[in-house]
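Each chain, written out:
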Amino acid sequence: MNTLKLMPALRYQLDYMVRALLIAFAVMAAIVIFISLFITTATFGDAGQVIIDIAPINFHFETSSFINVGPIFTIMIFITGIVGIREDLRFFLQHGLGRKSTYLSTLLTSLLCGATLALVFELLDLVFVNALWLRFSAVNISGLGYVGGWLLQTLVFFFAWQLGALISLLYYRMSTMVKVIFSVAIIATVVFAVPRLIGDIIDLVFSNSSDMIGGTLSTLFTNPLNIICTILALGIICTLGNFMLIRRAPVVD
Amino acid sequence: MQPIFDPHKPIFQSISEWLKGAILTGIYEEEGQVPSITEISMQYKINPATALKGVNQLVDAGLIYKKRGLGMFVSTGARAQLLAQRQDQFFDDYVQPLVSEAKSLQIGAHDLKDMVERGYQ
Amino acid sequence: MTIQVKDISKRFCSTQALDNVSVAFGENKIYGLLGNNGAGKSTLLNIITSRIFADNGTLNLDGVNMVDNDHALNQIYMLGEKNYYPESMRVKDALKWAQAFYPYFDHELALEIAQRFNLPLKKKITALSTGYTTIFKIVIALSSNAPFLLLDEPVLGLDAQHRDMFYKLLIECYTKNPCTIVISTHLIAEVAGIIEHCMIIKDGRVIKDAPCEALLHNGYTLTGPAALLDEYLLGKQVLSHSSLGGLKTASISGAIPNAEEIPPGLEIGKMNLQEYFIQLMSDENNSVARFMEDQ
């Protein structure tokens, strides 16, 4: 008999996330107010002609002027995935909860938080996009509609969280030697490969090229429904990886 | 009055000897209450089972009795009983080692008697 | 409820931390898990609470596998060396969450104990001193009302007064609400009176597992003139001996003989737990012999 004790774990994780997100919103609001004030006071008549793009991959096609805060939240969720999984695993083990509960609770929390945050973003977008040049959704593709946009946004958050957790757990399970090699490889990729290749990759995605890689990438990322499926598949892959990794993860330090 | 924890004696024995001593000297009077097992084990940082074992030796000997829900009390006549017991043991416990020490110090029986008399004055 | 540990082994790189350990923790008893630093005490407790995994062997709670089993883990509160609380959590929040996770957690008792020790409730756990970190863990452990309390070095960093308070409190809580307590420590003299059952662990192996009284009944000391003592010791299993001039003291393993069997001139004494432990630890040959025996 292995009775899971999910409720307290869920309560704990949701409590933490609600507080973290409220703080994030407060900070974001302060920044937005500051920027808006700056724009309206410092630029004369040209208000709104400012584009702040922080998204690693920016999906919006319109060349309009928006302050896009969505990507910041995506990154925040990603970092929560990295930090949260280890802290929660330790905390839960201290409180007599095993890895399966930790895993399931994290899965549910990431979906719940993702869905709620996406819903809030959709609503805020409805209100603010035209009024304040303020966009909340990290992704925003024409032809998806509100429900589709919400679903995609949810999945992006879910994927970001699970990817963070996957990286964290990978590090957790690696030996020191492998950790060093892995870290060097990642840094090398980010510093040298990404800046050179990112343009090529984006070109490849939108080039309608017919060669195999370009073709596949185009199919996966251009059609709205395909994007949803791709992100969902990536999220599920990370989730499965997390399950394999957390099952035998030792907690020592 | 503290129990003397002789490291070479079982703890429960130290407890029972301490309690007997306390009854004998009148710290716990007849029909008066003695500390509970919890109090004893907390005070001397010993396992409650050990304290119980020590106290039960006195219960078995009829020196103290339990009142349900109230605690443990010293039996009437416990002091007299202990006094008689100690008097019986006095020769073995005190006189014999005294004499053997006196012998090793080459103190004769007569000198020892003198000393005992001096002690009484 | 009984925790049954069977044939547990654990290896860290080049060290065998645990080597075929089999022990059982029964209901409502106070156990002492004694051993020097690095003997494998913490490793055993960490394996029981699924923090780390054994290389082989089984762990059962009433016959049910307890590895990463929430039902089993929730019966245990472990006071460990490491701090498993998030960096920003405050003491009072930790108490609140302990209540959410442990169904029988006594919040009022926790506040009362915290007050007795002057534990600041509003401070962050990570900002507490070593001593107060231990006190914080003690507060939660004693209020958890879990059927099993595993206390790994429960007086780490505590001063004499707080240690005294802790031991009294432990007994108070234990008599009010009996549970199984496992105290893992190398400070044997302090817990000698409290523990009922002794498990002595050395180099990853449990070398003694018996009620304290039986253990101490199985050894004694003899003191007397060297020549006389040496003669008597022939054929006896001597744990250790020391001499001061012509006077010699020996610790002997085995049942305590009757007074008549001891030649006059030799004085018999009982060993206390600490002496027994020290002698057991310093006794290399004996453990090697036992090791060979087991092979």
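Here, every reference points to the structure presented above.
Residues numbered from 1 in each chain as written. Chains lettered and ligands numbered in written order. Predicted model: local features only at pLDDT ≥ 70, side-chain atom pairs only at ≥ 80, totals over all residues. Heavy atoms only, no water.

Undergrad: Go over the interface of chain A and chain C, please, and point to the residues and values.
TA: Contact with chain A, which involves 30 residues of that partner, is made by 27 residues of chain C. In this assembly, chain A packs against chain C so that about 2,800 Å² is buried in total across both faces, 54% of it on carbon and sulfur atoms. Put simply, chain A and chain C have one salt bridge between them. Among the ionic pairs, Asp68 of chain C bridges to Arg99 of chain A, the shortest N-O distance being 2.9 Å. Seen at the junction of chain A and chain C, the total is twelve residue pairs in polar contact (both at pLDDT 80 or more). Those elements that place two or more of their residues in the side of chain A that touches chain C are helix H1 (6-42), helix H2 (70-94) and helix H3 (99-132) of chain A. Looking at the side of chain A that touches chain C element by element, the count peaks at six residues for H2 of chain A. Looking at the side of chain A that touches chain C residue by residue, the classes come out as 13 nonpolar, seven polar and ten charged. (Contact = heavy atoms within 4.5 Å. Buried area = accessible area lost by both parts, 1.4 Å probe. Salt bridge = Lys/Arg side-chain N within 4 Å of Asp/Glu carboxyl O. Polar contact = N/O pair within 3.5 Å; in protein donor to acceptor, adjacent residues only side chain to side chain. Helix = DSSP H or I, 4+ residues; strand = E, 2+ residues; numbered from the N terminus. Nonpolar A, V, L, I, M, F, W, Y, C, P; charged D, E, K, R; others polar.)

Undergrad: Before we move on, can you summarise the pairing of strand E1 (residues 3-12) of chain C with the specific residues and values?
TA: Residue and element names in this part refer to chain C. Here seven bridges tie E1 to strand E2 (residues 15-25), and the two strands are oriented antiparallel to one another. Looking at E2, one finds that Gln4 is bridged to Ala24. The antiparallel pairing of E1 with E2 creates a hairpin that spans two residues between the two strands, and Cys13 there sits at a positive phi of about 45°. Where E1 meets strand E4 (residues 56-61), five bridges bridge the pair, whose relative direction is antiparallel. When the bridges of E4 are listed, Ile3 appears paired with Leu61. (Pairing = 2+ DSSP bridges.)

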